[in-house]
Amino acid sequence: MPKDDMLGPYSEKVMDHFMNPRNMGEIKDADAVGTVGNPACGDVMRLYLKVSDDKILDAKFKTFGCGAAIATSSMATEMIKGKTVDESLKITNEAVAEALDGLPANKMHCSVLAQEAIEAAINNYKEKSAKKQTSDEK
Ligand code: FES
C-alpha cells in the first residue's frame, strides 16, 4: 500500500504519536490529576502531573479515544514537561495540533480534549496547593 494511503488525512507526526504515544500510563504518586470527557463523542482523557515549585516535572496520560485524541494527548504531555503551570495553561488546542503539523478540520475537536485535560489537572494542582497553604498557616 502506498504510504500516503496509510496516512489518509493525517500528518506523519500525528501517525507517529498515535502509533508510539509518548508518556502513556499513569503516575502513582501524582501531584495532580485531571479528567475530561468530550461530550461530542464520549472519549475521555486523564492526565497525571508531577509538579514541584509550580514546574511540571513529569506528565503521563491515559486516553480512551480516537487516534487524534491519542496523538494530541501524547504531544500535549511533551509540550508541558519542563514548563511552569502558568505557561502550560497558555497552550491552546491549536498549538498542540500545530505541533503535530495539523489535524483535519473534523478532528480539531479531539485536540480540545488535551487542552482541557491540562487545564483540569492544573486546576487540581492549584486547589491542592491552596488547601495545603491554608492548613500550613493554621
Ligand atoms: Fe472523540 Fe476524537 S473522536 S476525541
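Nothing here was measured: the structure is a model prediction, and the numbers come from that model.

1. Quick word on helix H3 (residues 67-80)
Then comes step 1: With 14 residues, H3 extends 20 Å from end C-alpha to end C-alpha; this agrees with the ideal 20 Å at 1.5 Å per step.
Then comes step 2: Among the 14 residues of H3, 12 are classified as buried, and the element is accordingly described as predominantly covered.
Then comes step 3: Those residues of H3 lying buried are Ala68, Ala69, Ile70, Ala71, Thr72, Ser73, Ser74, Met75, Ala76, Thr77, Met79 and Ile80.
Then comes step 4: For H3, the elements touching its buried residues are helix H2 (12-19), strand S2 (44-52), strand S3 (55-64), helix H4 (85-89), helix H5 (93-99) and helix H6 (108-137).
Then comes step 5: At the exit of H3 stands Gly82, carrying a positive phi of roughly 90°.

2. Considering the pattern of salt bridges
Then comes step 1: Evaluated as defined, the whole model comprises nine salt bridges.
Then comes step 2: Note that Arg22 and Asp16 form a salt bridge whose closest N and O atoms lie 2.7 Å from each other.
Then comes step 3: According to the relative accessible area criterion, Asp16 is partly exposed, its value standing at 31%.
Then comes step 4: Two residues, Glu26 and Lys28, come together in a salt bridge whose shortest N-O distance is 3.6 Å.
Then comes step 5: The partly exposed category is assigned to Glu26, whose relative accessible area is 33%.
Then comes step 6: Through salt bridges with shared partners, a single ionic network connects Glu26, Lys28 and Lys62.

The rules behind each value
- Residues numbered from 1 in each chain as written.
- Predicted model: local features only at pLDDT ≥ 70, side-chain atom pairs only at ≥ 80, totals over all residues.
- Heavy atoms only, no water.
- Helix = DSSP H or I, 4+ residues; strand = E, 2+ residues; numbered from the N terminus.
- Expected span 1.5 Å × (residues − 1).
- Buried < 20%, exposed > 50% of the residue type's maximum accessible area, 1.4 Å probe, protein only.
- Contact = heavy atoms within 4.5 Å.
- Salt bridge = Lys/Arg side-chain N within 4 Å of Asp/Glu carboxyl O.

So, to be careful, I would describe these as geometric facts and stop short of saying anything about function.
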